[in-house]
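So you can see what is in the structure, the chains are spelled out below.
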Amino acid sequence: MMQQYLFLILGFFAVLSALMVVFTRNPVHSVLYLILTFFAIAAEYVLLNAQFIAVVNIIVYAGAIMVLFLFVIMLLNLNKDTEPHKAQWMKFGAVVTGGLLLLVLVGSLKGTETITHTAFDNSAGYIETLGKVLFTEFLLPFEVSAVLFLAAMVGAVMLTKKDIK
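What comes next concerns the included structure.

**Focus on the overall build of the chain**
Helix and strand counts for the chain stand at six helices and zero strands. Counting from the amino terminus, helix and strand elements in the chain follow one another as α-α-α-α-α-α. For the chain, the proportion of its 165 residues judged to be buried stands at 13%. A fraction of 62% describes how many contacts in the chain between residues 6 or more apart in sequence connect residues 24 or more apart. When the accessible surface of the chain is totalled, it reaches about 13200 Å², and 75% of it is carbon and sulfur.

Right, here's the structure in full:
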């Protein structure tokens, strides 16, 4: 019973800090709120007996990628006066891409069912079990997510590059 309350509290904290990432005006504060979101999600992974994923989440996301984000934010010139305005077709492309991502997420959740109890076996968080499930049952979503990450990286480069006239 206490585990369910802790899960709900961590979920609320993760959603709240994720909203602060979006609504905070200062980009450095947004990155720090994103780190808090990753820690809350890692704590939920621990509650779900997925210790490996929790540790990888903290090391890779909260550690390496957030440091990279901070360096990029500090190296970018975020002065609004010198910031070039993006063309309408780029904004339209961003909306279409976001809609396609939403469609993929809804489609991936279509075949799932709700878990009514938390009776997991002891091997749920182990690396061997994770590898077997990832490369047998979830091979297609794994590859689709790799393509989505590649598209996100290309989109980030397109949005941040200078317009050459």
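Continuing now.
**Brief notes about the nonpolar core**
Listed in full, the seven residues of the largest apolar core are Val31, Ile35, Phe38, Ala62, Met66, Leu70 and Ile73. Those elements that place two or more of their residues in this core are α2 (27-47) and α3 (51-75). Sorting elements by how many residues they give to this core places α3 first, with four residues. Residues within four places of Ala62 in sequence aside, it is in contact with Ile35, Phe38, Phe39 and Asn57.

**Quick word on the packing of helix α1 (residues 2-23) against α2**
Where α1 contacts α2, the axes come no closer than 8 Å and their chain directions differ by 160°. With respect to their mutual orientation, α1 and α2 come out roughly antiparallel. The two elements α1 and α2 meet at a crossing, and its hand is left-handed. Contacts from Gln3, Leu6, Phe7, Leu10, Gly11, Phe13, Ala14, Ser17, Ala18, Met20 and Val21 in α1 reach Ser30, Tyr33, Leu34, Leu36, Thr37, Ala40, Ile41, Ala43, Glu44 and Leu47 in α2. Across the contact of α1 with α2, the residue classes break down as 15 nonpolar, five polar and one charged.

**Observations regarding the side chain of Ser30**
Following the sequence through the fold, Ser30 ends up in helix α2. What makes Ser30 buried here is its relative accessible area of 11%. In this structure the side chain of Ser30 is engaged in a polar contact, spanning 3.0 Å, whose partner is the backbone oxygen of Val21.

**A short note on the side chain of Glu44**
Relative to the helices and strands, Glu44 is located in helix α2. Buried charge without a partner: Glu44 forms no salt bridge, and the closest opposite charge is Lys110, 26 Å away. Once you skip the residues sitting within four places of it in the chain, Glu44 turns out to touch Phe7, Leu10 and Gly11.

**Some points on the packing of aromatic side chains**
One pass over the full model with this rule turns up two aromatic pairs. Considering the side-chain rings of Phe135 and Phe142, the 5.4 Å spacing of their centres and the 75° angle between planes classify their relative orientation as edge-to-face.

Basis of the calculations
- All residue numbers here refer to positions counted from 1 along the written sequence of the relevant chain.
- Per-residue local features of the predicted model are confined to residues with pLDDT of at least 70, and side-chain atom pairs are confined, for both listing and counting, to 80 or more; whole-chain, interface and lining totals are unaffected and use all residues.
- Side-chain numbers come from the whole structure's heavy atoms, not from hydrogens or water.
- Only DSSP runs of H or I with at least four residues qualify as helices, and only runs of E with at least two residues qualify as strands; both kinds are numbered from the N terminus onward.
- Residue burial is assigned from relative accessible area. The probe radius is 1.4 Å, only protein chains are included, and a residue is buried under 20% of its type maximum, exposed over 50%, and partly exposed in between.
- Contacts were defined at the residue level, with two residues in contact if any of their heavy atoms lie within 4.5 Å.
- Areas reported here follow the Shrake-Rupley algorithm with a probe of radius 1.4 Å; residue values treat only the protein chains shown as occluding.
- Remark: nonpolar core denotes a set of buried residues (Ala, Val, Leu, Ile, Met, Phe, Trp, Tyr, Cys) joined through side-chain atoms within 4.5 Å.
- Angles run from 0 to 180 degrees between N-to-C directions of axes, and those axes are lines fitted to C-alpha atoms, restricted for helices to the stretch in contact.
- Roughly parallel here means an angle under 35 degrees, roughly antiparallel means over 145, roughly perpendicular means 65 to 115, and every remaining angle is called oblique.
- Less than a right angle of anticlockwise turn of the near helix away from the far helix marks a crossing as left-handed, whereas a clockwise turn marks it as right-handed.
- Three classes are used, and their members are as follows: Ala, Val, Leu, Ile, Met, Phe, Trp, Tyr, Cys and Pro are nonpolar, Asp, Glu, Lys and Arg are charged, and the others, Gly among them, are polar.
- For this analysis, a polar contact is any N or O atom pair within 3.5 Å, provided that within protein one partner can donate a hydrogen and the other can accept it, and provided that sequence-adjacent residues contribute only side-chain to side-chain pairs.
- When charges are counted, neither His nor the chain ends are considered; positive counts come from Lys and Arg and negative counts from Asp and Glu.
- A side-chain nitrogen of Lys or Arg and a carboxyl oxygen of Asp or Glu constitute a salt bridge if their distance falls within 4 Å.
- Aromatic rings from Phe, Tyr and Trp, taking only the six-membered ring of Trp, are treated as a pair when their centres fall within 6.5 Å; an angle between ring planes under 30 degrees marks them as stacked, one over 60 as edge-to-face, and anything in between as tilted.

Keep in mind these values describe shape, not function.
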